[in-house]
Every structure is written in C-alpha cells, then in structure tokens.
There are 2 protein chains.
Amino acid sequence: MDSGALLDLLGNENRRRILRLLARKPCYVTEISEYLGVSPKAVIDHLRRLEEAGVVESRTDEKRRKYFHIARNLRLEVTVSRHGFGAKSAYPASRDLDLTRCHHLSIDGVADVAAGVDDGADEDADDETDDDASGDVASLAADLAELESLERELSLAQRWVQGRLADVRDDLAGALDADDHEGLYAEVVAAVADGAGTVEALSRRVDAPAEVVEHAIGDLLERGVIEPDGDDGWRVTDSE
Amino acid sequence: MDSGALLDLLGNENRRRILRLLARKPCYVTEISEYLGVSPKAVIDHLRRLEEAGVVESRTDEKRRKYFHIARNLRLEVTVSRHGFGAKSAYPASRDLDLTRCHHLSIDGVADVAAGVDDGADEDADDETDDDASGDVASLAADLAELESLERELSLAQRWVQGRLADVRDDLAGALDADDHEGLYAEVVAAVADGAGTVEALSRRVDAPAEVVEHAIGDLLERGVIEPDGDDGWRVTDSE
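Calculation rules
Within each chain, residues carry numbers counting from 1 in the order of the written sequence. Here chains are named by letter from A upward and ligands by number from 1 upward, in the order in which they appear as written. Restriction of local features to residues with pLDDT of at least 70 applies here, the model being predicted, together with a cutoff of 80 or more for giving and counting side-chain atom pairs; totals for whole chains, interfaces and linings are based on all residues. Computation of side-chain values covers all heavy atoms of the structure but excludes hydrogens and water. In this text, helices come from DSSP runs of H or I with a minimum length of four residues, and strands from runs of E with a minimum of two, each type numbered from the N-terminal end. Here the expected span of a helix is defined as 1.5 Å times the quantity of residues minus one. The buried label applies to any residue whose accessible area, calculated with a 1.4 Å probe on protein chains only, is under 20% of its type's maximum; exposed applies above 50%, and partly exposed to all values in between. For the purposes of these results, a polar contact is taken to be a pair of N or O atoms within 3.5 Å, where, inside protein, one atom must be able to donate a hydrogen and its partner to accept one; residues adjacent in sequence count only when each atom of the pair is a side-chain atom. DSSP bridges decide pairing: two strands pair if at least two such bridges lie between them. In this analysis, axes come from line fits to C-alpha atoms, helices being fitted only over the stretch in contact, and the angle between any two N-to-C directions falls in the range 0 to 180 degrees. Residue contacts are defined here by distance: any two heavy atoms, one from each residue, within 4.5 Å place the two residues in contact. Each of two parts loses accessible area, computed with a 1.4 Å probe, when they are put together; buried area is these two losses added. What counts as a salt bridge is simple: a side-chain nitrogen of Lys or Arg found within 4 Å of a carboxyl oxygen of Asp or Glu. Angles are sorted into four bins: roughly parallel if under 35 degrees, roughly antiparallel if over 145, roughly perpendicular if 65 to 115, and oblique for all others. With the far helix as reference, a near helix turned anticlockwise by less than a right angle produces a left-handed crossing, and one turned clockwise produces a right-handed crossing. Note on residue classes: Ala, Val, Leu, Ile, Met, Phe, Trp, Tyr, Cys and Pro are nonpolar, Asp, Glu, Lys and Arg are charged, and everything else, Gly too, is polar. The copies were overlaid by least squares, fitting only the C-alpha atoms of residues that reach a pLDDT of 70 or more in each copy. The predictor rates its confidence in each residue with pLDDT, a number between 0 and 100. Domain start and stop points were drawn from an automatic or database domain assignment. In this text, buried Ala, Val, Leu, Ile, Met, Phe, Trp, Tyr and Cys residues form a nonpolar core when linked through side-chain atoms within 4.5 Å. Centres within 6.5 Å make a pair out of two Phe, Tyr or Trp rings, where for Trp the six-membered ring is used; the pair is then stacked when the planes are under 30 degrees apart, edge-to-face when over 60, and tilted otherwise. By definition, being over a ring means that NZ of Lys or CZ of Arg is both within 6 Å of the ring centre and within 35 degrees of the ring normal.

1. Some remarks on the environment of G183 of chain A
Here comes step 1: Summarising the element assignment, G183 of chain A is placed in helix 8 (residues 182–193).
Here comes step 2: Put simply, G183 of chain A and V206 of chain A are 23 residues apart on the chain and 10.0 Å apart in space, counted from C-alpha to C-alpha.

Here you go:
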C-alpha cells in the first residue's frame, strides 16, 4: 500500500481510535459508535475507507451482525529531516527472510531467529523447537517478550542511525559548500559513492528530475568532487 | 512530539509535499505556492500548522524575504496488526547512545559505530578519525552510503520482527483460547512473563484500563495460565 494513502488514512484521530479498538477485538458498528461517541454514519464512513484500503475487513456472524477486524499487518516509517522527507510502508516480512544478507547487523538470542539465519542444515531442529513451543503458554510468552525487546532495540538503533545520518549529511554538505543545493549535492555524492553510475539511477536514488541531477553532476565534476570512472559513471575523487 | 499530532500533520498530501520540498532547500511562500499549484493563503496555513508543531522554522534574509526550512529531525513508526495499533514518534538519538545495552542486536562495519559501542577507552582514536573525515568528501560519502545501507537492514529486520511477533501472538492467543479477549490476554501474559508485577504496570504496558486488566488477571489465574509469585505479582505457569 502506498505510504501517502496510508498517512491520509491514519491522519484522522477517529480512524486511529477505531484501529486501536479493532486491534483489541472485532467490533460491530454500534459498539464502535458508542465507544467513540461518534455517530454510526461517521463510523460507517471511516470503516468504508479503511476497508477500501484493505486495512480492515468484515465478516457476518450467525446473528447476521457484521463484525469488523484488522485485515492485515502493516508497518509505516516516516522520517523528516533537513535532508529529506521519507515515508515507506511495508508488510511484515516472512520468517524465511534471509537476514544473513545483512552486512552490518546481527541478531542474537531471540528464539527461532535461527530459522531465518541458518543455512537450512538445522531446519529439523528448529521445527522441533516450534512444535514444543506452540502448545506451551510459558515459552510462547517468553518468546513474545524477547521479540518485543528486540523490537525496542531495533527502534533505538534506527534512531541512532537517523542521528548519525543527519550528522554525516551535515558534514558532507559543509564539505561540499554548495549553498542552497547542499542537501541534493550530498545525496548525489553519496549515491555515486554507493555505485550509482547513470543519471537515471541517480535521479531515482535522490528522487529528483534528470535535468537537476545532470546539472549537479556537471557542477560536481567541474569542482573536482567527483571524476569520470571508465566509460560511463563516476567515482568520488579520493582527496580534494 | 505526540505521534497522534504528527500523524494529523502528515495526513495531508500538500503538507507532505511542502516537507519534501523544504527538505531539499529552504523556500519562501511564493516558491512553495507555485511549485505546489496551491494558493499562497493555503500554503501559509499549512506552514503555520507545521511551524506551531515545531517541524518547520523560518528565517528572514537581508531582502526581508521569509524562508522556511525543516526545524528538526523527526522519526515516526506506525504498526497496525490484529494484535495492536501502535504509533510512536521520536527524535533521532545522539551518537553517544549506548548500543551495548542491546541484548539481541549487534552492529558491525559502520564507520564511527565504535563511538557509540566502545567503553570510552578509544575515544581519542575515534575523534581523530572524525577530524580526518570531516574535510574529506570521499570518506564522508562512503560513511553516508554505509549508514544508508545499515538503515535499510534495520528496516528489514524490523519487518521480520513484526512478522514473527504476529506469528507468536497468534500462537499464544490460540493456546490461551480466550475468544474475544485473546489479543488482550496474550499481551497480559507476555507482560507478566517480562516481569510486569502490578496491575498498574500491566495496565500501562498493554494500554488497557485497570478494571479490564484485573478481570483478565483473575481469569488467567483461575485457568492456571499464570500463578501468584511471592507477595504480589505473578509468573506464567510453567506447563499447563
């Protein structure tokens, strides 16, 4: 789902309250309306928008009462900084996600993490652990507490990375001394350093029109910050 | 800043476009109005709301033209699932954040991460690296690319954790067999497993009124899922 559309949906207090309520238990319109102190008509309208976006679903019980519930798990991250505004939404990744592809990150001591990290040789052992666990409230509760703690740590690490990114972007913009364009220039240089070799690729990476990127590349070449690298593409000049 | 207020602000396409524009360079009202194709009056209104929330600031240049720019870095995370609706906003953490407190997470191979992870003995060495780096576009650009890659990995890991959290909560709710209350009961049991020992603490952790938590505790005790632990507090019963 598009992150803009999701922000539009979540940018309404009553829709957030409806989601908070439905995340606790499935509800029907009258319940929601009474809980929120909002007319049934308004509740129906909010539910329709949430349903159209696929965030909420309904089913009808034997008494023909229509219950609404959260349809799927969603995640949204927004960062606002002097160097960019970014919003991305995503579905939770499956447990088979290969976290070994991470170069900078390792995760330890969380139950079943092995299933995502191991090379498959231990799969039987993991399955066994799962079978043991699924009937056992105590061990599931412990897994849950561990995952929640990992979630908090990842959040903390991401806040740390945001801070460091802002620092490095500030330093880079300062080193480039590019007045009004400094934010853009810093992004272009970072993308070049990371291997972006065409105006197209850069334009996508820094989210700016091709003409703007071409102009930045021309200026950065002229100033010797970057230099041609082979047939096409550039590299960051090693020392100014 | 309150995450609800931030979602209200970001839940408007034109305000998001203004932020995207200001993240690239400081702008004055006419510029923004022309770029967005929105009346100056509407732009001023959006800017006022963003300014009041402290997301945007202005300064007046020598020609007495008022430029708006992003005031500070912000981060917002929203998760929607059958087990909860959560939104939290935070400022980026400082570089001195102690990531060694993380039990499950380790970060490697990112420049200057040492500054956050080391015990202080290496501080001089780190400072030296910083001094070297800040004038050197190539090394700053490489740092930036590395941090951006770490940021992507953290995002991926968080999506993985969300998926696993949903799985474990499903299993736990299934094991508890608690009908409509299953989501709440699973959260209460997980919080008890994680050491929450009073109704107050539980109420805060699972974001539910004290009476609701008391009722859940009573039911879970009766069913033998949890048991008293010492004077006050509970623990999850080891096997059902």
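Still more ground to cover, so stick around.
2. Digging into helix 2 (residues 13–24) of chain A
Residues and elements named next belong to chain A.
Here comes step 1: Counted at 1.5 Å a residue, the expected span for helix 2 with its 12 residues is 16 Å, and the 17 Å between its end C-alpha atoms agrees.
Here comes step 2: By the burial criterion, the buried members of helix 2 are R15, R16, I18, L19, L21, L22 and A23.
Here comes step 3: Structurally, the start of helix 2 carries an N-cap: the backbone nitrogen of N14 is 2.9 Å from a side-chain oxygen of N12.

3. Quick look at the pairing of strand 1 (residues 56–60) of chain B
Residue and element names in this part refer to chain B.
Here comes step 1: Summarising the sheet, strand 1 and strand 2 (residues 66–70) pair through five bridges and their orientation is antiparallel. In the strand pairing of strand 2, T60 is matched with K66.
Here comes step 2: Between strand 1 and strand 2, which pair antiparallel in sequence order, lie five residues; one of them, R64, sits at a positive phi of approximately 60°.

4. Side note on the sheet that holds strand 4 (residues 84–90) of chain B
Here comes step 1: In spatial order, the strands read 4(A)-3(A)-3(B)-4(B); together these four strands make up an open sheet with antiparallel pairing. Edge positions in the open sheet fall to strand 4 (84–90) of chain A together with strand 4 of chain B, since each of these has one partner strand only. Each strand of the sheet is rotated relative to its neighbour by a mean of 5°, with strand direction disregarded.
Here comes step 2: In terms of strand pairing, strand 3 (residues 74–81) of chain A meets strand 4 of chain A through seven bridges, oriented antiparallel. For R75 of chain A, the partnering residue across the bridge sits in strand 4 of chain A and is A90 of chain A.
Here comes step 3: Relative to strand 3 (residues 74–81) of chain B, helix 7 (residues 137–176) of chain A is tilted by about 150°, and along the sheet it contacts strand 3 of chain A together with strand 3 and strand 4 of chain B.
Here comes step 4: Those strands touched by helix 7 (residues 137–176) of chain B are strand 3 and strand 4 of chain A together with strand 3 of chain B, and its axis lies near 150° from that of strand 3 of chain A.

5. Here we look at the interface of chain A and chain B
Here comes step 1: Across the boundary between the two partners, chain A contributes 105 residues, which contact 105 residues of chain B.
Here comes step 2: Contact between chain A and chain B buries roughly 9,800 Å² in total, counting both sides, with carbon and sulfur atoms accounting for 61%.
Here comes step 3: Between the two partners, chain A and chain B, sit eight salt bridges.
Here comes step 4: Here R169 of chain B makes a salt bridge to E148 of chain A, at a shortest N to O gap of 2.9 Å.
Here comes step 5: Applying the counting criterion to the chain A and chain B interface returns 21 residue pairs in polar contact (both at pLDDT 80 or more).
Here comes step 6: Secondary structure elements with two or more residues in the side of chain A that touches chain B: helix 1 (3–10), helix 2, strand 3, strand 4, strand 5 (105–107), helix 7, helix 8 and helix 9 (199–206) of chain A.
Here comes step 7: Considering each element in turn, the side of chain A that touches chain B owes the most residues, 35 residues, to helix 7 of chain A.

6. Examining the packing of helix 7 of chain A against helix 7 of chain B
Here comes step 1: The N-to-C vectors of helix 7 of chain A and helix 7 of chain B enclose an angle of 160°; their axes lie 8 Å apart at closest approach. Classified by the angle their axes make, helix 7 of chain A and helix 7 of chain B are roughly antiparallel. As for the relative orientation of helix 7 of chain A and helix 7 of chain B, their crossing is left-handed in sense.
Here comes step 2: Across the contact of helix 7 of chain A with helix 7 of chain B, the residue classes break down as 30 nonpolar, six polar and 12 charged.

7. Structural notes on the relation of the copies chain A and chain B
Here comes step 1: The two copies are related by a screw operation: chain A maps onto chain B through 180° of rotation and 0.0 Å of translation along the axis, at an RMSD of 0.1 Å. In short, the pair behaves as if placed about a two-fold rotation axis. Considering only C-alpha atoms, the residue of chain A closest to the rotation axis is G11 of chain A, which sits at 2.0 Å.
Here comes step 2: Of the interface residues in chain A, 100% have counterparts in chain B that sit at the interface too, so the contact is made through matching surfaces.

8. A look at the confidence of the model for chain A
Residues and elements named next belong to chain A.
Here comes step 1: Looking at chain A as a whole, its pLDDT mean stands at 80, while 82% of the residues score no less than 70.
Here comes step 2: Predicted confidence is poor over residues 113–134, with pLDDT under 50, and the contacts of this stretch with residues over four places away or in other chains come to 21 contacts.
Here comes step 3: For this predicted complex, the interface score ipTM comes out at 0.74, while the overall pTM is 0.74.

9. So, the domain arrangement of chain A
Accessible area lost upon the coming together of the parts serves often as the stated size of an interface.
Here comes step 1: The assigned domain composition of chain A is domain 1 (3–70) and domain 2 (177–236).
Here comes step 2: Each of domain 1 of chain A and domain 2 of chain A was reduced to a C-alpha centroid, and the two centroids are 46 Å apart.

10. Considerations on the nonpolar core
Here comes step 1: Counting residues in hydrophobic clusters, the biggest one holds 79 residues, and the most contacted among them are L176, V188 and L202 of chain A together with L176, V188 and L202 of chain B.
Here comes step 2: Those residues within four positions of L202 of chain A in sequence are excluded, and the remaining contacts are V188, A191, V192, A196, D207, V213, I217 and W234 of chain A.
Here comes step 3: Ranked by size, the runner-up nonpolar core spans 52 residues in total, among them V38, I70 and L76 of chain A together with V38 of chain B.

11. Examining the packing of helix 2 (residues 13–24) of chain B against helix 3 (residues 29–36) of chain B
Residue and element names in this part refer to chain B.
Here comes step 1: Where helix 2 contacts helix 3, the axes come no closer than 11 Å and their chain directions differ by 120°. It follows from the interaxial angle that helix 2 and helix 3 lie oblique. Crossing geometry of helix 2 relative to helix 3 is assigned as right-handed. Of helix 3, the residues touching helix 2 (which contributes N14, R17, I18, L21 and L22) are I32, Y35 and L36.

12. Points about unusual backbone geometry
Here comes step 1: The backbone phi angle of R64 of chain A is positive, close to 60°, even though this residue is not glycine.
Here comes step 2: In this structure R64 of chain A comes out as exposed when scored by relative accessible area, which is 74%.

13. A short note on the packing of aromatic side chains
All names here are of chain A.
Here comes step 1: As enumerated under the stated definition, the model contains two aromatic pairs over all chains in all.
Here comes step 2: Taken together, a centroid distance of 5.5 Å and an interplanar angle of 85° make the contact between Y28 and Y67 edge-to-face. Taken together, the residues span a long stretch of sequence, with Y28 in the loop between helix 2 and helix 3 (29–36) and Y67 in strand 2 (residues 66–70) at a distance of 39 residues. Y67 carries the same exposure label as Y28, and that label is buried.
Here comes step 3: Over the ring of Y28 we find R65, and its NZ or CZ is 4.0 Å from the ring centre.

14. Comments concerning the side chain of S33 of chain A
Here comes step 1: Mapped onto the elements of the fold, S33 of chain A is located in helix 3.
Here comes step 2: For S33 of chain A, the residues in contact, after removing those within four places along its chain, are V38, S39, P40 and V43 of chain A.

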